[in-house]
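Letter by letter, the chains look like this.
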Amino acid sequence: NAGVTQTPKFQVLKTGQSMTLQCAQDMNHEYMSWYRQDPGMGLRLIHYSVGAGITDQGEVPNGYNVSRSTTEDFPLRLLSAAPSQTSVYFCASSWATGIQETQYFGPGTRLLVL
Amino acid sequence: AQKVTQAQTEISVVEKEDVTLDCVYETRDTTYYLFWYKQPPSGELVFLIRRNSFDEQNEISGRYSWNFQKSTSSFNFTITASQVVDSAVYFCALRNGGGGADGLTFGKGTHLIIQP
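Residues numbered from 1 in each chain as written. Chains lettered and ligands numbered in written order. Predicted model: local features only at pLDDT ≥ 70, side-chain atom pairs only at ≥ 80, totals over all residues. Heavy atoms only, no water.

A. Broad picture of the nonpolar core. All names here are of chain B. Ranked by size, the top nonpolar core spans 23 residues in total, and within it L21, W36, F77, Y90 and L112 carry the most contacts. Only β2 (10-14), β3 (19-21), β5 (32-39), β8 (64-69), β9 (74-79), β10 (88-96) and β12 (110-115) provide two or more residues apiece to this core. Per element, the largest residue contribution to this core is four residues, and it comes from β10. Not counting residues up to four positions away in its chain, the partners in contact with Y90 are Q6, L21, W36, Y37, K38, L48, Y64, F77, I79, G109, T110 and L112. (Core = buried A, V, L, I, M, F, W, Y, C linked by side-chain atoms within 4.5 Å. Buried < 20%, exposed > 50% of the residue type's maximum accessible area, 1.4 Å probe, protein only. Helix = DSSP H or I, 4+ residues; strand = E, 2+ residues; numbered from the N terminus. Contact = heavy atoms within 4.5 Å.)

B. Spotlight on the interface of chain B and chain A. At the junction of the two partners, chain B supplies 20 residues and chain A supplies 20 residues. Interface of chain B and chain A: buried area, both sides summed, is about 1600 Å²; carbon and sulfur atoms make up 54% of it. Across the contact surface, chain B and chain A share zero salt bridges. Across the chain B-chain A interface, the total number found is two residue pairs in polar contact (both at pLDDT 80 or more). Only β5, β6 (46-52) and β10 of chain B provide two or more residues apiece to the side of chain B that touches chain A. For the side of chain B that touches chain A, the element with the highest residue contribution is β5 of chain B, accounting for four residues. (Buried area = accessible area lost by both parts, 1.4 Å probe. Salt bridge = Lys/Arg side-chain N within 4 Å of Asp/Glu carboxyl O. Polar contact = N/O pair within 3.5 Å; in protein donor to acceptor, adjacent residues only side chain to side chain.)

C. Structural context of the environment of T20 of chain B. Residues and elements named next belong to chain B. Considering the arrangement of structural elements, one finds T20 in strand β3. In this structure T20 comes out as partly exposed when scored by relative accessible area, which is 34%. Not counting chain neighbours up to four residues away, the residues in contact with T20 comprise Q8, I11, N76, F77 and T78. Here the side chain of T20 touches T78 through a polar contact of 2.8 Å, side chain to side chain.

D. Representation of the layout of surface pockets in the model. Each pocket or cavity is described by its volume, and for the largest pocket that value is around 460 Å³. If you go around the largest pocket, you meet 26 residues; those closest to its centre are Q37, P39, V88 and R110 of chain A together with Q39 of chain B. The dominant element in the lining of the largest pocket, judged by the number of residues it contributes, is strand β9 (residues 87-96) of chain A, at three residues. Across the lining of the largest pocket, the residue classes break down as seven nonpolar, 14 polar and five charged. The space that makes up the second largest pocket amounts to roughly 330 Å³. Those elements that place two or more of their residues in the lining of the second largest pocket are β5 (42-51) of chain A together with β1 (3-5) and β11 (105-106) of chain B. By residue class, the composition of the lining of the second largest pocket is six nonpolar, six polar and four charged. (1 Å grid on protein atoms, 1.4 Å probe; cavity = no way out; pocket = protein on both sides within 12 Å on 5 of 7 lines; lining within 4 Å. Points joined across faces, edges and corners; volume = space filled by probe spheres on them. Nonpolar A, V, L, I, M, F, W, Y, C, P; charged D, E, K, R; others polar.)

E. Local environment of the sheet that holds strand β8 (residues 76-78) of chain A. All names here are of chain A. Across the sheet, which stays open at both edges, the four strands sit in the order β1-β3-β8-β7 with antiparallel pairing between neighbours. Here the strands that pair on one side only, and so sit at the sheet edges, are β1 (4-7) and β7 (64-66). Adjacent strand axes in the sheet meet at a mean angle of 20 degrees, parallel and antiparallel pairs treated alike. Bridge analysis of strand β3 (residues 19-25) against β8 gives three bridges, and the strand direction is antiparallel. Residue pairing for β8: L21 is matched across the bridge by L76. (Pairing = 2+ DSSP bridges. Axes fitted to C-alpha atoms, helices over the stretch in contact; angles between N-to-C directions.)

F. Molecular detail of the pairing of β5 of chain A. Residues and elements named next belong to chain A. Burial within β5 is extensive, with nine of its 10 residues counted as buried. Counting the residues between successive antiparallel strands, the hairpin from strand β4 (residues 31-38) to β5 contains three residues, one of them, G40, with a positive phi of roughly 75 degrees. Here β5 runs beside strand β6 (residues 54-57); their pairing, made up of three bridges, is antiparallel. Considered in β6, the bridge of Y48 is made with D56. Taken together, β5 and the strand that follows it, β6, pair antiparallel across an intervening segment of two residues, in which G53 is found at a positive phi of about 85 degrees.

Such coordinate-based values are descriptive only and should not be taken to indicate function.
And the structure:
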């Protein structure tokens, strides 16, 4: 049981390049989400998904696309990277009822856009 | 709109002191969930606790305790007899009702420094 995995761990891009941040979980969680963490800003929600085939926007979705073709995978795509997208990106998956919750974060991807 | 405020940007205490991290939240929902996470220098996010809006009982887990007060919209976190290993950034977060469907709103975090 690997939990939530993210690849790559670190990436350098040039402005205008595109790339996909990978996120996978092996816990059969329905809910997955992407956050970005910037200094002094906490974590902000980019996109989330409540199950395969269903995604929705969070607080800061501009410049990012997501898809959820399987329960396990939730990739985040940067269409045309900008320096403002330099950040640490965290993927999370969760399972919840009204009483209990289990939530896991991946180790993060550090992205630098030049 | 929902909001989480952690007014303490940084706290520094000497080991073995007790320390309280403040969290104030805003939401219009009657059903919501509050969380605390720890982010040590290594960078990963560690889930500490989840509390739903219907349960105002305080909770204690070892040296950690949480005080949830709906009357003041606060969910404060206390570490008793702090240790150097407690040094980290701590985040308070809020999610409105609906299970785990939507994401979390995080505060900006409190950087806790425990000096030996």
